Amino acid sequence: MRILLYNPDNGVTRNFMPHLWMFLLQALTPEGHEVVLIDGNAQPMDEAGIARFVREQNIGLVGIGAMTRMIAKAYRMADAIRAVGVPVVMGGPHVTEEADEALGRNGGPRHADAVALGEADETWPKIVEDAARGQLRDIYAPVDDFGQESKPSLKQYPAIPWDKINLDQFNLVPKMVKRTLQRISDGWGTFRIIPMESGRGCPYGCEFCTVTGFFGDSIRFRTNESVVNELLLLKARAKSEGGQIAVFFIDDNFAINIKRTKSLLRDIIAAGAQVHWVAQISANLLRDEELVDLIAASGGKWVFIGMESIDPTNLADVNKGFNKPGEYAAVLQRLAQRNVYAITSFIFGMDNDTVGVAERTLKEIRTWPAGLPIFGLLTPLPATPLYKRLEVAGRLTRPKHWQEFIPFAMAHTPLKMTIEEAHAEVRKGWANAYSPEAMAQAVDSLKDKPLGYRINIFIARMCFRGIYFPQMGPLAWLKLIYQNRRTISSLVKEGFSTWRGRPANPVANGSLQTGVGAT
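Let me begin by describing the structure that accompanies this report. Because the structure is a prediction, the values reported are computed rather than measured. (Residues numbered from 1 in each chain as written. Predicted model: local features only at pLDDT ≥ 70, side-chain atom pairs only at ≥ 80, totals over all residues. Heavy atoms only, no water.)

So, about the pairing of strand β13 (residues 341-348). Counting buried positions over the eight residues of β13 gives eight, a clear majority of the element. Burial of β13 is two-sided: the residues Tyr341, Ile343, Ser345 and Ile347 facing one way and the residues Ala342, Thr344, Phe346 and Phe348 facing the other way are all buried. Relative to β13, strand β12 (residues 300-308) runs parallel, the two being bridged by six bridges. Within β13, the position partnered with Ile305 by the bridge is Thr344. In the sheet, β13 pairs with strand β14 (residues 372-377) via six bridges, with the strands oriented parallel. Among the inter-strand pairings, Ser345 is bridged to a residue of β14, identified as Ile374. Crossover handedness for the path β13 to helix α14 (residues 357-365) to β14: right-handed. (Buried < 20%, exposed > 50% of the residue type's maximum accessible area, 1.4 Å probe, protein only. Helix = DSSP H or I, 4+ residues; strand = E, 2+ residues; numbered from the N terminus. Pairing = 2+ DSSP bridges. Right-handed = clockwise from strand over helix to strand, strands pointing away.)

Okay, here's the thing in structure tokens:
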């Protein structure tokens, strides 16, 4: 049987990293079946296109995974596939919490023939076997012999054959500049950001987050050997095809067990398995100087930090009081001293936010080392404590907001400002943090660093700007390049001078060090 695993695009901006679940399920598929992968962010496809694809490719089963913000598109694609007679199984956090919605049991249309609840590591092989016999059940849940929910151990993690998987759709080097980059430096035929996980689960239970509900509060880890071997495989592939690789550890909190994380990073260094990597780590865990040393030595280039707010009252309200805004500057400086930089995430529209929250936050950001700030709105995701609290309080304005996804639009009424005012604060945050002036200042703040670091921050900011501002087409990019022409011109001139003056490999001498792992 031929199986298609499909992840829909979010309809706003293209992700720069494929989704791990597809590769993991491919590795877990029983022998005798062929698996095809399509990520909608890399291969845009509409309903007619996917229906045609499954017919022409003789697909016998389609698996669709999607987060809440992509679920409306996922349902439309599933409907198109089922209309041509091909069964669909859906899974992921949203479907786990809204299984009746996917199965049409809540009065709406049915979108899936079957749903996989929770982590599908152990249920996926059963789903494939049942589909091959034409005997799919409605619901597949990870339960033990006593009917209790079970979480898969990661000790026997499947080996993902990165050396054999076709990754052409995930090459981030545009065809128009590929030859130019290869002339400037060997090793730039491809650049890919690959997702990996070293552990699952988070004990923090932040009010707005789906992680603890989906993966649980008990942390499970892969063996160090398993992670190191996967890094070595990816590193060897990149070298063999003259390309670059970066890894995004998608663990919900990569350093949640500091002792274990230090052990893993030491093993990565000892094995020579360093690649540029990105990970999500809470600010409170980055107080540890030795941990930060090991992050830098093992290849860490960017750390995603969910700061959420500079207001301690807001943080306490959402059960994230372990974040201490007074420590943010020291944490970021500690990273920057080791040439590791931060993606800092902020949420506006929290209960203690008032008009001016964007400027207050920006004022703090301007005192920190250059990084990648991102701004969003407090969003009540289904089954989270936040959703339940707002529902009880009668504050939900769009209870089923995911059925018509509107990017950067609130689904509830804030306490101390209007919805429109909250939207304006997010616009101000993005507009000021990613203006040509702010881009130039970020580059200039690294003037004491090698040119590669300035190129890195500039490219990363150009890409991250696209999370909010539409820049998916060539015209949008040309406009953006024109707006930042002075900064680009300065970098190009310095790069040309460096290239002419240094016959050695620019990657080795630092002029093209990137580590653009988060772009």
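Read on for the rest.
Turning next to helix α10 (residues 258-270). The α-helix winds at 3.6 residues per turn, so residues separated by three or four positions along the chain end up facing the same way. Here α10 contains 13 residues, and its C-alpha end-to-end distance of 18 Å stays within 8% of the 18 Å for a straight helix at 1.5 Å per residue. Residues Arg260, Thr261, Lys262, Leu264, Leu265 and Ile268 constitute the buried set of α10. Those residues of α10 that are buried lie in contact with β9 (220-221), α9 (224-240), β11 (276-280) and α11 (289-297). Where α10 ends, the next residue or the one after it, Gly272, has phi of about 65 degrees, a positive value. (Expected span 1.5 Å × (residues − 1). Contact = heavy atoms within 4.5 Å.)

The six strands lie next to each other as β7-β10-β11-β12-β13-β14, forming an open sheet whose pairing is parallel. The open sheet is flanked by β7 (191-196) and β14, the only strands paired with a single partner. Taken pair by pair, the neighbouring strands of this sheet meet at an average axis angle of 20 degrees, ignoring direction. Sheet strands in contact with helix α18 (residues 451-464) are β12, β13 and β14, and its direction is about 15 degrees off that of β14. (Axes fitted to C-alpha atoms, helices over the stretch in contact; angles between N-to-C directions.)

For the rest of this paragraph, the subject is unusual backbone geometry. With a phi close to 55 degrees, Asn58 is a non-glycine residue in the positive phi region. A positive phi is found at Glu308, a non-glycine position, where the angle reads about 70 degrees. Tracing the backbone through its elements, the reader meets Glu308 in strand β12.

With that out of the way, let us pick up empty space enclosed by the protein. Considering all chains together, one arrives at one cavity of 30 Å³ or more under this definition. Quantified by volume, the largest cavity comes out at close to 30 Å³. In terms of lining residues, the largest cavity is bounded by Trp302, Tyr341, Leu446, Tyr453, Asn456 and Ile457. Its residues assigned to classes, the lining of the largest cavity shows five nonpolar, one polar and no charged. (1 Å grid on protein atoms, 1.4 Å probe; cavity = no way out; pocket = protein on both sides within 12 Å on 5 of 7 lines; lining within 4 Å. Points joined across faces, edges and corners; volume = space filled by probe spheres on them. Nonpolar A, V, L, I, M, F, W, Y, C, P; charged D, E, K, R; others polar.)

Overall, parallel pairing links the six strands, which are arranged β2-β1-β3-β4-β5-β6 in an open sheet. The open sheet is flanked by β2 (34-39) and β6 (139-140), the only strands paired with a single partner. With six bridges joining them, strand β1 (residues 2-7) and β2 adopt parallel strand pairing. Bridge assignment links Tyr6 to a residue of β2, and that residue is Ile38. Relative to the sheet, helix α1 (residues 20-28) contacts β1, β2 and β3 (59-65), its axis offset from that of β1 by approximately 160 degrees. Contacts from helix α2 (residues 47-56) reach β1, β2 and β3 within the one sheet, and its direction differs from that of β1 by about 160 degrees.

Turning next to the nonpolar core. Residues Trp124, Leu231, Phe249, Ile281, Leu286, Ile305 and Leu335 are the most contacted members of the largest nonpolar core, which totals 108 residues. At eight residues, α18 tops the list of elements feeding residues into this core. Contact partners of Trp124, with chain neighbours within four places excluded, come to Ile3, Leu5, Leu25, Leu28, Thr29, Leu61 and Val89. The next biggest cluster of nonpolar side chains, apart from the first, holds 43 residues, and it includes Val36, Ala78, Ala102 and Leu386. (Core = buried A, V, L, I, M, F, W, Y, C linked by side-chain atoms within 4.5 Å.)

Under the counting rule described, the total for this entry stands at 18 aromatic pairs. Seen in terms of ring centroids, Phe23 and Trp162 are 4.8 Å apart; in terms of plane orientation they differ by 50 degrees. Their pairing is tilted. With Phe23 in helix α1 and Trp162 in the loop between β6 and α7 (175-184), this residue pair connects regions lying 139 residues apart in the sequence. Note on Phe23: relative accessible area 0%, which makes it buried. An angle of 80 degrees between the planes, with centres 5.9 Å apart, marks the rings of Phe375 and Trp430 as edge-to-face. (Phe/Tyr/Trp six-rings, centres within 6.5 Å; stacked < 30°, edge-to-face > 60°.)

Note on placement: Glu425 falls in helix α16 (residues 419-433). Buried within the structure, Glu425 lacks any salt-bridge partner; Lys428 is the closest side chain of opposite charge, at an N-O distance of 6.0 Å. A distance of 2.8 Å separates the side chain of Glu425 from the backbone nitrogen of Ala358, its partner in a polar contact. (Lys, Arg positive; Asp, Glu negative; His and termini not counted. Salt bridge = Lys/Arg side-chain N within 4 Å of Asp/Glu carboxyl O. Polar contact = N/O pair within 3.5 Å; in protein donor to acceptor, adjacent residues only side chain to side chain.)

Two side chains carrying opposite charge are able to pair once their charged atoms lie near each other. A full pass over the atoms with the stated rule returns 32 salt bridges. Note that Asp130 and Arg133 form a salt bridge whose closest N and O atoms lie 2.5 Å from each other. Residue classification places Asp130 among the buried positions, given a relative accessible area of 8%. Arg200 is the salt-bridge partner of Glu197, the closest N and O atoms lying 2.8 Å from each other. Its relative accessible area of 5% is what places Glu197 among the buried residues. A relative accessible area of 4% places Arg200 in the buried class. Salt bridges sharing partners connect three or more residues here, namely Glu119, Asp121, Glu149, Lys151, Glu197, Arg200 and Arg220.

Quick look at a nonpolar patch on the surface now. Taken together, the side chains of Leu475, Leu478 and Ile481 make up a nonpolar region of the molecular surface, amounting to roughly 320 Å² of accessible area. Tracing the backbone through its elements, the reader meets Leu478 in helix α19 (residues 474-483). (Patch = residues over 30% accessible without salt bridge, like charges linked within 9 Å, V, L, I, M, F, W, Y side chains within 5 Å. Areas by Shrake-Rupley, 256 points an atom, 1.4 Å probe, with all protein chains shown as cover.)

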